[in-house]
Amino acid sequence: MLKSLAKSMLNRISALAGPQRWPLSQPRLWILMYHRVLPRAEALAQREEPGMYVTPETFDLHMRTLGEWMTPVSLSDWVRRRADNQSLPRRAVAITFDDGWRDNYTHAWPVLEKYSVPATIFAVSGMIGTARMFWPNRLMQLLAAREDKRQWPAGLEWLAEIAPMKPEQLTTPETLSELVQACKQFPDIELYKRLEAAPATTAAASAAQTMLNWEQIEQMQASGLVEIGSHTENHCRLLESLAPEKAEHEILASKRMLEERLGKSVQSFCYPNGDVSAHAAQLVTAHYRLAVTTQRGINGPNQDPYRLKRIGLHEDIANTRTAFAARLSGWR
Ligand SMILES: [Zn+2]
């Protein structure tokens, strides 16, 4: 009795806090940014960063709740309707996934189908169907495989110069995240080179299963619910320091490859890490219809279609209705 009372009070509070109660004079678009949908045990086994995943149960809660509060739309549809001056829902919400993780197929897609919620997956074209790993994941794998925790992994002794901690302190998700942040002072190409040069570990075999393959993408696309966008070819941050021809390749070759393999025009783009140089922005504007950033916020009817804001979701901050509502409100 008490428990159900507390629960209903919580629901009331979340209903008051949630964006479904905002008086809106103009249509808005919420774009939710997910990466992985993974059971907690698998996330721990893969040493995934806490900011990278929600569990399938939490994802189910989100999709169910959105159906009650807002109008789920396809991102490209919303942008097209707006360009054509067609009417837009007051509270539109679009789901996006970054990187093209295989769990989007195994754990997210069944939930999207269950609630008929459209989504856009921003795939890194050069990683589809390969055993390649993102450098942070590779770094985590090499750190975990160390026999002596007081040492940096063989071949990665250079970490000592940039790490704000000692190797034996790398035991919590927070310190591991700090190390990833410290590594970002190097260009991605350099990081891939340095990490791929380190001796392989026995755990490397498990990497083969982490990214989507073409068949899975085709199957999701054929359902009509999932659209594929580009997230570059190699997940290169499009910084001012990146060579212009490299930026051009990342932005255009990924689009070409996806279009050739999937037989569909690719009009949506996602900037890796949210970084974008003036040159990259020009290219994206010339070749795509829309682009999403990592800038947090809700989009009004006049938001630049090449600077769409998103709200990032992950397990630790959004695993209850109340927390989810507060996150959507932009409170935290
Ligand atoms: Zn990404």
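In this text, all values refer to a predicted model and were calculated from it rather than measured experimentally. (Residues numbered from 1 in each chain as written. Predicted model: local features only at pLDDT ≥ 70, side-chain atom pairs only at ≥ 80, totals over all residues. Heavy atoms only, no water.)

(A) Structural detail: the domain arrangement of the chain. Here the chain is partitioned into domain 1 (25-130 + 211-329) and domain 2 (135-206). For domain 1 and domain 2, the distance between their C-alpha centroids amounts to 27 Å. With 13 residues of domain 1 in contact, the opposing surface of domain 2 contributes 14 residues. Of the roughly 1100 Å² buried where domain 1 meets domain 2, counting both sides, 49% is carbon and sulfur surface. The largest per-residue losses of area from domain 1 upon contact with domain 2 belong to Arg47, Glu49 and Arg237, which jointly make up 53% of the total buried on that side. At the junction of domain 1 and domain 2, the tally comes to 1 salt bridge. (Domains from an automatic or database assignment. Contact = heavy atoms within 4.5 Å. Buried area = accessible area lost by both parts, 1.4 Å probe. Salt bridge = Lys/Arg side-chain N within 4 Å of Asp/Glu carboxyl O.)

(B) Fine view of the nonpolar core. The biggest cluster of nonpolar side chains holds 55 residues, and the ones touching the most others in it are Leu32, Tyr34, Phe59, Phe97 and Leu112. Contacts of Leu112, omitting those with residues within four sequence positions, involve Phe59, Met63, Phe97, Val117, Ala119, Leu225 and Val226. (Core = buried A, V, L, I, M, F, W, Y, C linked by side-chain atoms within 4.5 Å. Buried < 20%, exposed > 50% of the residue type's maximum accessible area, 1.4 Å probe, protein only.)

(C) Up close: the environment of Ser268. With respect to the element layout, Ser268 can be found in strand E8 (residues 268-270). By relative accessible area, which is 1% here, Ser268 ends up buried. Remark: the alpha-carbon pair of Ser268 and Asp60, spanning 208 residues in sequence, is separated by 25 Å. What Ser268 contacts, discounting residues up to four positions off in sequence, is Ser76, Phe122, Glu227, Gly229, Ser230, Tyr288 and Leu290. (Helix = DSSP H or I, 4+ residues; strand = E, 2+ residues; numbered from the N terminus.)

(D) Spatial organisation of the coordination of the zinc ion. Each protein donor to the zinc ion is listed here as Asp99 (OD), His231 (NE2) and His235 (NE2); together their distances run 2.1 to 2.2 Å. Positions of the donor residues of the zinc ion along the chain correspond to the pattern D-x131-H-x3-H. You can see Asp99 sitting in strand E5 (residues 91-99) and its partner His235 sitting in the loop between strand E7 (226-230) and helix H11 (244-262), a full 136 residues away along the chain. Of the residues examined, His235 reaches a relative accessible area of 16% and is grouped as buried. (Donors = N, O, S within 2.8 Å, 3.2 Å for Na, K, Ca; no water.)

(E) Fine view of the packing of aromatic side chains. A complete count under the given rule lists 9 aromatic pairs for this structure. Summarising the aromatic geometry, the rings of Phe59 and Phe97 are spaced 5.7 Å apart at their centres and angled 55 degrees between planes, so their arrangement reads as tilted. Here Phe59, found in helix H3 (residues 56-69), pairs with Phe97, found in strand E5; they are 38 residues apart in sequence, far enough to count as distant. Across the pair, exposure class does not vary: Phe59 and Phe97 are buried alike. With a centroid separation of 5.5 Å and an interplanar angle of 70 degrees, the aromatic rings of Phe269 and Tyr271 are classed as edge-to-face. For the residue pair Phe269 and Tyr271, the accessibility class agrees, reading buried in each case. The rings of Tyr34, Phe59 and Phe97 are connected pair by pair, giving a single aromatic cluster. Lying across the ring of Phe186, Arg194 places its NZ or CZ 4.4 Å from the centre. (Phe/Tyr/Trp six-rings, centres within 6.5 Å; stacked < 30°, edge-to-face > 60°. Lys NZ or Arg CZ within 6 Å of the ring centre and 35° of its normal.)

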